[in-house]
Amino acid sequence: DNYDLTGEWSRADFDERHRFNLLGTIRAGDWLNLGMTLSLTSGRPYSLTTGRDDNRDSVANDRPAGVARNTLQGPGSATLDFRWSKEFHLNNAKKDKDDGPVIRIAVDAFNTLNRTNYSGFVGNLSSPFFGLPVASRPARRMQFTLGFEF
């Protein structure tokens, strides 16, 4: 019923109830500058629909009787990212290393464990894909960086 919004009060589509982030860095010696990010989240909600126009408003997104919006929940996600970097100071004659040009190289690895983190689930009961994901967050990616600071 488009005129009765009582069933529309619920969690937002982007609402992740539980989120845990762990950030850390290790700097040991000249060649070990390592950063790490671990991100764990609970699943996001999505709506259950019949796939029919039961209330005859010309929109086929009706929910079964008594079912509120966003009552289903997808699985959580987990990502582990790493970054290694090294700085080369080009003006070693000075006592203060903060002065002078610097070349910085870095290697980043995103979603290092290559875990499939699904998103966007089908909530349409009449679909053969009901309850299945239609998308996922990015797979493992590597990034190489070269920077020059002066």
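Colleague: I keep staring at the overall build of the chain and nothing clicks. Help me out?
Modeller: In terms of regular secondary structure, the chain is built from 0 helices and 9 strands. Secondary structure elements of the chain occur, N-terminal to C-terminal, as β-β-β-β-β-β-β-β-β. The dimensions of the chain, computed from C-alpha atoms along their principal axes, are 80 × 30 × 25 Å. In the chain, the share of contacts with a sequence separation of at least 24, taken over all contacts with a separation of at least 6, comes to 63%. Accessible surface, the chain as shown: approximately 10600 Å² in total, 56% of it carbon and sulfur. Looking at the chain, you have 19 positive and 18 negative side-chain charges, and the mean spots of the two groups are 8 Å apart.

Colleague: Please clarify how the sheet that holds strand β1 (residues 19-28) should be interpreted in this entry.
Modeller: Picture the strands of a sheet paired through backbone hydrogen bonds; they go either parallel or antiparallel. Spatially, the 5 strands line up as an open sheet ordered β1-β2-β5-β6-β9, and their pairing is antiparallel. Edge strands, defined here as strands with exactly one partner in the open sheet, are β1 and β9 (141-149). Across the sheet, the mean angle from the axis of one strand to that of its neighbour is 15°, orientation sign disregarded.

Colleague: Could you clarify how one ought to interpret the environment of Q143 in this entry?
Modeller: You can see Q143 is positioned in strand β9. Sequence separation between Q143 and G43 is 100 residues; the distance between their C-alpha atoms is 28 Å. Q143 has contacts with A106, V107, D108 and F110, leaving out every residue within four places of it along the chain.

Colleague: What should I look at first to understand the pairing of strand β2 (residues 32-41) in this one?
Modeller: Consecutive side chains of a regular strand alternate in pointing toward one face of the sheet and then the other. Where β1 meets β2, 10 bridges bridge the pair, whose relative direction is antiparallel. Bridge pairing in β2 links G24 to M36.

Colleague: Honestly, the packing of aromatic side chains in this entry has me stumped. Any pointers?
Modeller: In this description, an aromatic ring pair is defined by two values, namely the gap between the centres and the angle between the planes. The tally for this structure, following the rule as stated, stands at 4 aromatic pairs. Each ring, one from W31 and one from W84, has its centre 6.4 Å from the other, and the planes form 10°; the classification is stacked. One end of the pair, W31, is in the loop between β1 and β2; the other, W84, is in strand β5 (residues 77-89), with 53 residues separating them in the sequence. Residue class for W31 comes out exposed when judged on its relative accessible area of 51%. Judged by relative accessible area, W84 falls into the partly exposed class, the value being 23%. Of the aromatic side chains, those joined through ring pairs into one cluster are W31, W84 and F88. Over the ring of W31 we find K86; its NZ or CZ atom is 4.9 Å from the centre of that ring. When the ring centre of F88 is taken as origin, the NZ or CZ atom of K86, which lies over that ring, is 5.2 Å away.

Analysis parameters
In this convention, every chain numbers its residues from 1, walking through the sequence in written order. Confidence filtering applies because this is a predicted model: local features only for residues at pLDDT of at least 70, side-chain atom pairs given and counted only at 80 or more, and all residues used for totals across whole chains, interfaces and linings. Remark: hydrogens and water are excluded; side-chain values derive from all non-hydrogen atoms of the structure. What counts as a helix is a DSSP run of H or I of at least four residues, what counts as a strand is a run of E of at least two, and both are numbered from the N terminus. Only heavy atoms matter for contacts: two residues are in contact if any of them lie within 4.5 Å across the pair. Accessible areas in this description were obtained via Shrake-Rupley with a 1.4 Å probe; residue shielding takes into account the shown protein chains only. As used throughout, the charge tally considers Lys and Arg to be positive and Asp and Glu to be negative, leaving His and the chain termini uncounted. Note on charges: their place is set at NZ of Lys, CZ of Arg, CG of Asp or CD of Glu. Here a strand pair is declared whenever DSSP counts at least two bridges between the two strands. Every axis corresponds to a line fitted to the C-alpha atoms, with the helix fit spanning only the stretch in contact, and the corresponding angles, defined between N-to-C directions, vary from 0 to 180 degrees. Each Phe, Tyr or Trp ring, with Trp reduced to its six-membered ring, pairs with another whose centre is within 6.5 Å; inter-plane angles below 30 degrees give stacked pairs, above 60 give edge-to-face pairs, and intermediate values give tilted ones. Accessibility here uses a 1.4 Å probe with only protein chains present; expressed as a share of the type maximum, an area under 20% marks a residue as buried, one over 50% as exposed, and anything in between as partly exposed. Two thresholds decide whether a charge sits over a ring: the Lys NZ or Arg CZ must be within 6 Å of the ring centre and within 35 degrees of the ring normal.

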